[in-house]
2 protein chains.
Amino acid sequence: MWSILTKHILKHKVHCGFVTALLNGQKSRNLPVRCPLLWRRWQHTIKAVQEPPMCGPSAEIQHVEAMDTERFIRIFWKDGSQSLYPFVWLRDNCQCPRCFLQSAKARKFAIEDLNVNTGVKNVILSNTRQISVLWPDEHISEFEADWLKKRCFSKESRAEMQEELFLPECQYWGSDLQIPVMSYEKVLSSDESALKWITTLKKVGIVLLDGAPVAQGELITLGKRIGFMRLTFYGYTWQVQDKKDANNVAYTSEKLSLHTDYPALQYPPGVQFLHCLKQAEVGGESEVVDGFHVCNQLKEHDPEAFHILSSVLVDFTDTGVDYCDFALQSKHSIIELDDNGQVLRINFNNATRDSVFDTPIKQVQPFYAALKKLVSLMNEPTNVFCYRMKPGHIVTFDNWRILHGRRSYQSDEHVSRHLEGSYLDWDVVLSRMRSLAQSLRAPK
Amino acid sequence: MWSILTKHILKHKVHCGFVTALLNGQKSRNLPVRCPLLWRRWQHTIKAVQEPPMCGPSAEIQHVEAMDTERFIRIFWKDGSQSLYPFVWLRDNCQCPRCFLQSAKARKFAIEDLNVNTGVKNVILSNTRQISVLWPDEHISEFEADWLKKRCFSKESRAEMQEELFLPECQYWGSDLQIPVMSYEKVLSSDESALKWITTLKKVGIVLLDGAPVAQGELITLGKRIGFMRLTFYGYTWQVQDKKDANNVAYTSEKLSLHTDYPALQYPPGVQFLHCLKQAEVGGESEVVDGFHVCNQLKEHDPEAFHILSSVLVDFTDTGVDYCDFALQSKHSIIELDDNGQVLRINFNNATRDSVFDTPIKQVQPFYAALKKLVSLMNEPTNVFCYRMKPGHIVTFDNWRILHGRRSYQSDEHVSRHLEGSYLDWDVVLSRMRSLAQSLRAPK
């Protein structure tokens, strides 16, 4: 029985959430604390779990053998290719109910019980779509061909899986950006449109949604379409308008230089929504820049400046009272790199860059010179895309990649311009992307 | 006028939140979206902002001079010490209303307008507690002695400021841990106790609160004491108990090996609360290990294993349905280092470590051997502290540093053991620490 379930589940990794739901009979635990505007699940979640997973093209195995010296199992596929799997990885990932909790799709088998130098007593081809491994302690593990094929350790297979999981492709742009525009209603009503929205947001970094109701709080609906929003000291959503005693420079009518939001948090929000409720009669145009593209230009034209901005840690601060009182401090390089030396995130908000600067005095002048070069590059007309939001527009963008700014506008006694904003984490947005992709691949 | 305000504010950096509140007349914006159990501010916030900032010992200046060649201003303090400040840094941090928005305590002066090679036309000592700088464009900047002293670029002064802002001190422990125990009621009612709780949590990594009401939802009160909790796919709080079709290995009665929570998130929660509502009659003891301490041991005994675990990226996954459906994927090294090569976070949950492993096959065997060594070290009796939670206990711990586990327990038809859990980010916890420290330093 378990192996049938396994077959069913393991062919559809990303879809497991829905499989769990099927196994769980769609029940979810009562939770004592919920934000009433967030707690109700989006209907497509229910729809998706009712759809059976798709059966894609199945891999078939010609032959399997144990390579005892190298401690690999080699699989010869019917398509002529071969894959190698380390003994220890196979034992670690046994999918039997003693080693793996199907309902949680999580490993039960502990490292404490794993013999990292294990041999294999026997391996057989149960059928063209499954192998069985007999371990020295007589434990048996069964592995599905499709599951193994997706986990092949070849560079190409791994890249393919990472592409599917994280959508790393990045399309750079400058002032020539053709800003992607989608219908707000369609994004809400169509899973295809919602998936297109998120994948474009990930690849291009910005998508403008048009035709949203001009009503404060509408962003909550859009947040629920994804899952939930990120609460910060400015609340679940926040009102960008000219305010007396503004606790943020954005809450004035003055020009906002290009920046990313919230580097005063050690983990700045990944995605930002800005919903235009009222636009100024004069001024208030929006500006955006592809920060990753600009960083690549800096790296090429001034590698030393790039090195300084990606290595010197800068202090950021944000103190005040809003959702509650706050006294935030963080440290980031302006250009944050990942483990492969690729730009992961831009952390630049000149307003909250602290006067406290924890760096040797000799590094101060070179730092400012490098920052000036980056900011000058950002402001190159060829890099800046300018647009004017209208009521009903919701701009959604990658806050780790895109720098955004605003031109000053005329304000008077009344609120002359009003945007409502909110944040989400990329984890939550990409989770929805994977779920939508999986449910759309399922046969209707 | 502005310089008086500046004096008032700048002497009390961390207290600025409350100063803003004073400037704002204690008003805060209405926010359209709030979790009803989270939205009400904790009373001490109001109390704190009503307290005037303390006047600490003031620094006094003997003499000031401009070093035009080095582009530094040198200050001779009355205590005999000296400090240097780069021209460009001083211009960048001018505190006048044109350059700095007092109500937000944020910089208005843009990098676009900064001459990084600026000279100084004149600098004078207005009085022993303030200098005035005249810039080539006739702009004038005034700087307070205390503000300058705190921002001195000497290694010692910078270390002192970082210590105040981030409390980096770490007290390691093993099985000999004298677990810090504090009264839950006192932490709620006394700011001194709340501050002691947070500082101990940061230094030791774990604090047990005793005497909490045995009622589900009580963690919300504790979360409000800090600010707000971190919402995840498991909700604001979650119930650790034996469940049918568990969507998490924690929701069974089986042993849980030592782990950190939620590495399937790219930014795992920094702090975890676990509130005991019911304890099993047999089994269910808790185990904790100081992960940073164990990592130091591994680095000393097996630097190669340490290197592998701090460099090989491991895939984590978590899919299911709870607060809503989710399909999380992340990549972390098991031992995550900061920019200085110090251990920043342990990312280890064997249950959610993915069967997808995006690493060259030759690295697989060495990775498992290294992980086995780390896990063996964790489980050394000298490293494991075991305790038994009782109803009314709330254990609060650093989820980036502490590995926690649970021994198996006997379960039956009814719920035989019940913990309620929740998460917070360190940003929010340290923000509260700074606010409490500042308000307690203020004269009563």
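Residues numbered from 1 in each chain as written. Chains lettered and ligands numbered in written order. Predicted model: local features only at pLDDT ≥ 70, side-chain atom pairs only at ≥ 80, totals over all residues. Heavy atoms only, no water.

Draft legend 1. Geometry of the overall build of chain A. On a plain count of helices and strands, chain A comes out with 13 helices and 22 strands. Expressed as a percentage of the 444 residues in chain A, the buried residues total 65%. Restricting the contact set of chain A to residue pairs at least 6 apart, pairs at least 24 apart contribute 73%. For chain A, the accessible area works out to roughly 16,600 Å², and carbon and sulfur atoms hold 53% of it. (Helix = DSSP H or I, 4+ residues; strand = E, 2+ residues; numbered from the N terminus. Buried < 20%, exposed > 50% of the residue type's maximum accessible area, 1.4 Å probe, protein only. Contact = heavy atoms within 4.5 Å. Areas by Shrake-Rupley, 256 points an atom, 1.4 Å probe, with all protein chains shown as cover.)

Draft legend 2. Examining the relation of the copies chain A and chain B more closely. In screw terms, the move from chain A to chain B is a rotation of 180 degrees and a rise of 0.0 Å along the axis, fitting with an RMSD of 0.0 Å. In short, the pair behaves as if placed about a two-fold rotation axis. When you check the interface residues of chain A against chain B, 100% turn up at the interface there too, and the contact is symmetric in its surfaces. (Least-squares fit on C-alpha atoms with pLDDT ≥ 70 in both.)

Draft legend 3. Region of the structure containing the UniProt feature "domain: Gamma-butyrobetaine hydroxylase-like N-terminal" (unreviewed entry) in chain A. Within this numbering scheme, the UniProt entry marks residues 68-110 of chain A as carrying the feature "domain: Gamma-butyrobetaine hydroxylase-like N-terminal" (unreviewed entry). The straight-line gap between the two end C-alpha atoms of residues 68-110 of chain A is 24 Å; of that span, 14% is helix and 35% is strand. (UniProt positions renumbered as here; feature names shortened; annotations may be inferred.)

Draft legend 4. The UniProt feature "domain: TauD/TfdA-like" (unreviewed entry) in chain A, seen in detail. When the UniProt feature table is mapped onto this chain numbering, "domain: TauD/TfdA-like" (unreviewed entry) sits at residues 181-423 of chain A. Helix and strand shares over residues 181-423 of chain A are 26% and 30% respectively, and the end C-alpha atoms of the span are 20 Å apart.

Draft legend 5. Molecular detail of the sheet that holds strand 14 (residues 286-290) of chain A. Residues and elements named next belong to chain A. In space, the four strands of this open sheet follow the order 12-21-14-19, with antiparallel pairing throughout. Lying at the two open borders of the sheet, with one neighbouring strand each, are strand 12 (256-259) and strand 19 (384-387). When the angles between neighbouring strand axes are averaged without regard to direction, this sheet yields 15 degrees. The pairing of strand 14 with strand 19 spans four bridges and is antiparallel. Across the sheet, valine 288 pairs through a bridge with phenylalanine 385, a residue of strand 19. Here helix 10 (residues 291-301) sits on the sheet and contacts strand 14 and strand 21 (402-406); the angle it forms with strand 14, its principal contact strand, is near 50 degrees. (Pairing = 2+ DSSP bridges. Axes fitted to C-alpha atoms, helices over the stretch in contact; angles between N-to-C directions.)

Draft legend 6. Broad picture of the packing of helix 6 (residues 155-166) of chain B against helix 13 (residues 426-441) of chain B. Residues and elements named next belong to chain B. The N-to-C vectors of helix 6 and helix 13 enclose an angle of 105 degrees; their axes lie 8 Å apart at closest approach. Here helix 13 runs roughly perpendicular to helix 6, going by the angle between their axes. For the pair helix 6 and helix 13, the contacting residues are Glu164, Leu165 and Phe166 in the first and Leu430, Met433, Arg434 and Arg441 in the second. For the contact of helix 6 with helix 13, the residue count by class is four nonpolar, no polar and three charged. (Parallel < 35°, antiparallel > 145°, perpendicular 65-115°, else oblique. Nonpolar A, V, L, I, M, F, W, Y, C, P; charged D, E, K, R; others polar.)

Draft legend 7. Representation of the sheet that holds strand 13 (residues 271-278) of chain A in the model. Residues and elements named next belong to chain A. Across the sheet, which stays open at both edges, the six strands sit in the order 9-10-20-13-22-11 with mixed pairing between neighbours. Edge positions in the sheet fall to strand 9 (181-183) and strand 11 (237-240), since each of these pairs with one other strand and no more. The average undirected angle you get between the axes of adjacent strands in this sheet is 25 degrees.

Draft legend 8. View of the pattern of salt bridges. Enumeration over the complete set of coordinates arrives at 46 salt bridges over all chains. Note that Lys149(A) is salt-bridged to Asp79(A), the shortest N-O span being 2.9 Å. Of the two residues, Lys149(A) is situated in helix 5 (residues 145-150) and Asp79(A) in the loop between strand 2 (72-77) and strand 3 (82-86); the sequence distance between them amounts to 70 residues. Here Arg345(A) makes a salt bridge to Glu336(A), at a shortest N to O gap of 2.7 Å. One continuous salt-bridge network, built from bridges that share partners, spans Arg158(A), Asp315(B), Lys331(B) and Asp358(B). (Salt bridge = Lys/Arg side-chain N within 4 Å of Asp/Glu carboxyl O.)

Draft legend 9. Geometry of unusual backbone geometry. Look at Arg71(A): it is not a glycine, yet its phi comes out positive at around 60 degrees. Along the chain, Arg71(A) turns up in the loop between strand 1 (61-67) and strand 2. Even without being glycine, Glu138(B) reaches a positive phi, approximately 75 degrees. In this structure, Glu138(B) sits in the loop between strand 7 (130-134) and strand 8 (140-144).

Draft legend 10. Highlighting the packing of aromatic side chains. A complete count under the given rule lists 37 aromatic pairs over all chains for this structure. When the ring of Phe233(A) is compared with that of Phe228(B), the centres are 5.1 Å apart and the planes differ by 70 degrees; the resulting orientation is edge-to-face. Of this pair, Phe233(A) sits in the loop between helix 9 (218-226) and strand 11 while Phe228(B) sits in the loop between helix 9 (218-226) and strand 11 (237-240), which puts the two residues in different chains. By relative accessible area, which is 1% here, Phe233(A) ends up buried. (Phe/Tyr/Trp six-rings, centres within 6.5 Å; stacked < 30°, edge-to-face > 60°.)

Draft legend 11. A look at the interface of chain A and chain B. Chain A puts 127 residues into the contact, and the matching count from chain B is 128 residues. A buried area of about 10,700 Å², summed over both sides, lies between chain A and chain B, and 57% of it is on carbon and sulfur atoms. Inspection of the chain A/chain B interface yields eight salt bridges. Taking the shortest distance from any N to any O, the salt bridge between Arg158(B) and Asp358(A) comes out at 2.9 Å. Put simply, chain A and chain B have 53 residue pairs in polar contact (both at pLDDT 80 or more) between them. In the side of chain A that touches chain B, the residues fall into 64 nonpolar, 32 polar and 31 charged. (Buried area = accessible area lost by both parts, 1.4 Å probe. Polar contact = N/O pair within 3.5 Å; in protein donor to acceptor, adjacent residues only side chain to side chain.)

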